[in-house]
Amino acid sequence: MAGSLQDQLLNAGLASKQQAKQAKQQKRKKAKQKKAGQAVDEQQQQREQLEAARKEKAARDRELNLKRQQEQAEKASRAEALQLIEAHKVQLPDESDLRYNFAHGTTIRYLFVDARQLEQLARGQLRIACHEETYTVIPAEIAERIEQRQPDIILPRPKDDTPEEDDPYADYVIPDDLMW
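Since the structure is predicted, the reported quantities are computational estimates derived from the model, not experimental observations. (Residues numbered from 1 in each chain as written. Predicted model: local features only at pLDDT ≥ 70, side-chain atom pairs only at ≥ 80, totals over all residues. Heavy atoms only, no water.)

Caption draft 1: Representation of the pattern of salt bridges in the model. What the rule picks out here adds up to 9 salt bridges. A salt bridge links Arg149 to Glu80, with the nearest nitrogen and oxygen atoms 2.7 Å apart. Of this pair, Arg149 sits in helix 4 (residues 140–149) while Glu80 is found in helix 2 (residues 17–88), placing the two residues 69 residues apart along the sequence. Given a relative accessible area of 37%, Glu80 falls into the partly exposed group. (Salt bridge = Lys/Arg side-chain N within 4 Å of Asp/Glu carboxyl O. Helix = DSSP H or I, 4+ residues; strand = E, 2+ residues; numbered from the N terminus. Buried < 20%, exposed > 50% of the residue type's maximum accessible area, 1.4 Å probe, protein only.)

Below, the structure is given as structure tokens:
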């Protein structure tokens, strides 16, 4: 009994040749449909993968464009701030004995100024701008415009030294023109 089940059924007389032929055709159709279905499934999966990859690339591109636009805006605002500084900087005297001390970060820096500029710096009418370790004196109105664009370029105003009400040394006023 070395034959297929179909041959055995035909030999035993349980099935006719017509039934065997129909069974073979149905088997082929199912196999063909299965292959076609798999091919369709594979094509569908490929389409989905391509669509997902395209969406991911679009998102990445949007993110890169946004980052590039932010960098360009930052660069433009920095250039505007530097143009304002160059256009409105106050000319410092070449020879002066008055030294204006100010803090930048944790270090104490100084600029040589004349008496009028020293008074304006003390009142807050002039401000100091720092770019690449160069210090420039500019009017306060311009400093406010620059702070809107680049707040890190303008040095902060000196803190108000008015004494508190319960300060025991409130009666001892420090003069404005005290040089340290």
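Let's pick the thread back up.
Caption draft 2: Representation of helix 4 in the model. Taken together, the buried positions of helix 4 are occupied by Ala140, Ile142, Ala143 and Ile146. Seen along its axis, helix 4 keeps its buried residues to an arc of 150 degrees; they face one direction. Facing away from the buried side of helix 4, by more than 90 degrees, are the exposed residues Glu141 and Gln148. (Arc of directions from axis to C-beta.)

Caption draft 3: Molecular detail of the nonpolar core. Counting residues in hydrophobic clusters, the biggest one holds 12 residues: Tyr100, Phe102, Leu111, Val113, Leu118, Leu121, Leu126, Ile128, Cys130, Tyr135, Val137 and Leu155. Mapped by element, the contributors of at least two residues to this core are strand 1 (98–104), strand 2 (107–113), helix 3 (115–123), strand 3 (126–131) and strand 4 (134–139). The element best represented in this core is strand 3, accounting for 3 residues. Among the nonpolar cores identified, the runner-up in size contains 10 residues, and Ala81, Ile85, Ala129 and Ile154 belong to it. (Core = buried A, V, L, I, M, F, W, Y, C linked by side-chain atoms within 4.5 Å.)

Caption draft 4: Quick look at the packing of aromatic side chains. Enumeration over the complete set of coordinates arrives at 3 aromatic pairs. Centre to centre, the rings of Tyr100 and Phe102 are 6.3 Å apart; their planes meet at 20 degrees, and the pair counts as stacked. Residue classification places Phe102 among the buried residues on the basis of a relative accessible area of 6%. Measuring from centroid to centroid gives 5.2 Å for Phe102 and Tyr135, while their planes differ by 70 degrees, and the two rings are edge-to-face. Taken together, the positions of Phe102 in strand 1 and Tyr135 in strand 4 put the pair 33 residues apart, joining distant regions of the chain. For the pair Phe102 and Tyr135, one class covers both residues: buried. Through pairs of rings, three or more aromatic residues link up here, namely Tyr100, Phe102 and Tyr135. (Phe/Tyr/Trp six-rings, centres within 6.5 Å; stacked < 30°, edge-to-face > 60°.)

Caption draft 5: Broad picture of the pairing of strand 3. Burial analysis of strand 3 places 5 of its 6 residues in the buried class, which makes it a mostly covered element. Two elements, strand 3 and strand 4, share 6 bridges in a ladder whose sense is antiparallel. What sits directly across from Arg127, in strand 4, is Ile138. Counting the residues in the hairpin turn of strand 3 and strand 4 gives 2 residues, including Glu132, whose phi is positive at 50 degrees. (Pairing = 2+ DSSP bridges.)

Caption draft 6: Quick look at the pairing of strand 1. In terms of strand pairing, strand 1 meets strand 2 through 7 bridges, oriented antiparallel. Counted as the bridge partner of Arg99 is Phe112 from strand 2.

Caption draft 7: View of a nonpolar patch on the surface. A contiguous nonpolar patch, built from Leu5, Leu9 and Leu14 and spanning about 320 Å² of accessible area, is present on the exposed surface. Along the chain, the position of Leu9 falls in helix 1 (residues 5–12). (Patch = residues over 30% accessible without salt bridge, like charges linked within 9 Å, V, L, I, M, F, W, Y side chains within 5 Å. Areas by Shrake-Rupley, 256 points an atom, 1.4 Å probe, with all protein chains shown as cover.)

Caption draft 8: Focus on the side chain of Gln150. Turning to its location among the elements, Gln150 is positioned in the segment after helix 4. The exposure class of Gln150 is buried, given its relative accessible area of 2%. A polar side-chain atom of Gln150 sits 3.1 Å from a polar atom in the side chain of Glu74. A distance of 2.8 Å separates polar atoms of two side chains, one belonging to Gln150 and the other to Arg78. Setting aside chain neighbours within four positions, we find Gln150 in contact with Glu74, Ser77, Arg78 and Ala81. (Polar contact = N/O pair within 3.5 Å; in protein donor to acceptor, adjacent residues only side chain to side chain. Contact = heavy atoms within 4.5 Å.)

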